[in-house]
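# An overview of the molecular structure
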Amino acid sequence: MAEGRRGPLKSAVPSNLVSLVRRCSRTACGRPAVATLTYVYADSTAVLGPLATYAEPHCYDLCSEHSERLTAPRGWEVVRLATDTGPVGPSGDDLEALANAVREAARPQERRQQGPGPRDIDPLEVARRGHLRVLRSPEQ
């Protein structure tokens, strides 16, 4: 607890009254928030997306009812970003990149330092920088 001039400072709100669940920003609505509304004033756009990781002062958290009924002022556009309902797993590209990194790390040290030999050069490979390769299109 912090120390003030007169002793320890006490919170004005007892901690048992503060909820850890973020609530809808609309007045008199106590439902849990499921989406975050952000305004892009330069583009006259209201962006409604999944609930932001952190509560920000310039964003508004909305419950499902208020996010469904959201309208924008005349001349403004509402952009609704897709909300993912389930956990997102790794894509095929992510898994392939991970497998390639494991293979590269498992190669003997002297072979990695020598670089590709004459048999290891891919006919589609144009250039190489570290572990990254630039490939030519197979149609060319």
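Above this text you will find the structure in question.
An account of the accompanying structure is given in this report. (Residues numbered from 1 in each chain as written. Predicted model: local features only at pLDDT ≥ 70, side-chain atom pairs only at ≥ 80, totals over all residues. Heavy atoms only, no water.)

Let us look at the overall build of the chain. Assigned secondary structure in the chain consists of three helices and eight strands. Of the regular secondary structure in the chain, the N- to C-terminal order runs β-β-β-β-β-α-β-α-α-β-β. Burial analysis of the chain (140 residues in total) assigns 14% to the buried set. A total of about 11,900 Å² of accessible surface is found on the chain, and carbon and sulfur atoms cover 54% of it. (Helix = DSSP H or I, 4+ residues; strand = E, 2+ residues; numbered from the N terminus. Buried < 20%, exposed > 50% of the residue type's maximum accessible area, 1.4 Å probe, protein only. Areas by Shrake-Rupley, 256 points an atom, 1.4 Å probe, with all protein chains shown as cover.)

Turning to the packing of aromatic side chains, a few remarks are in order. Within the structure shown, the criterion is met by four aromatic pairs. Ring geometry for Y39 against Y60: centres 6.1 Å apart, planes inclined by 70 degrees, an arrangement best described as edge-to-face. Residue Y39 is located in strand β3 (residues 35-40), and its partner Y60 is located in strand β5 (residues 59-62); the two are separated by 21 residues in the primary sequence. Under the relative-accessibility criterion, Y60 is labelled partly exposed at 36%. Geometrically, the ring pair formed by Y39 and W76 is edge-to-face, given 5.9 Å between the ring centres and 85 degrees between the ring planes. Linking Y39 in strand β3 with W76 in the loop between α1 (64-68) and β6 (77-80), this pair joins segments that are 37 residues apart in sequence. (Phe/Tyr/Trp six-rings, centres within 6.5 Å; stacked < 30°, edge-to-face > 60°.)

With that settled, consider the environment of T45. As for its placement among the helices and strands, T45 is situated in strand β4 (residues 45-50). Overall, the relative accessible area of 10% leaves T45 in the buried class. In sequence terms T45 and V79 are 34 residues apart; their C-alpha atoms lie 7.1 Å from each other. Once residues lying within four places of it in the same chain are set aside, the contact partners of T45 are T38, Y39, V40, W76, E77 and V79. (Contact = heavy atoms within 4.5 Å.)

The next point concerns the side chain of H66. Among the secondary structure elements, H66 is positioned in helix α1. Dropping the residues within four chain positions of it, H66 is found in contact with C24, R26, C29 and R31.

Before going further, it helps to examine unusual backbone geometry. Located in the positive-phi region is A28, a residue other than glycine, with phi close to 65 degrees. Mapped onto the elements, A28 comes out in the loop between β2 (7-8) and β3. You can call A28 exposed: its relative accessible area is 84%. Of note, S44 is a non-glycine position whose phi angle comes to about 50 degrees, a positive value. Structurally, the position occupied by S44 is in the loop between β3 and β4. The class of S44 is partly exposed, set by a relative accessible area of 25%.

One open sheet accounts for four strands, arranged β5-β3-β4-β6; its pairing is mixed. The two strands at the open ends of the sheet, each matched to only one other strand, are β5 and β6. Each adjacent strand pair in this sheet contributes to an overall mean axis angle of 25 degrees, direction not counted. (Pairing = 2+ DSSP bridges. Axes fitted to C-alpha atoms, helices over the stretch in contact; angles between N-to-C directions.)

Function cannot be read off these values alone, since they describe shape.
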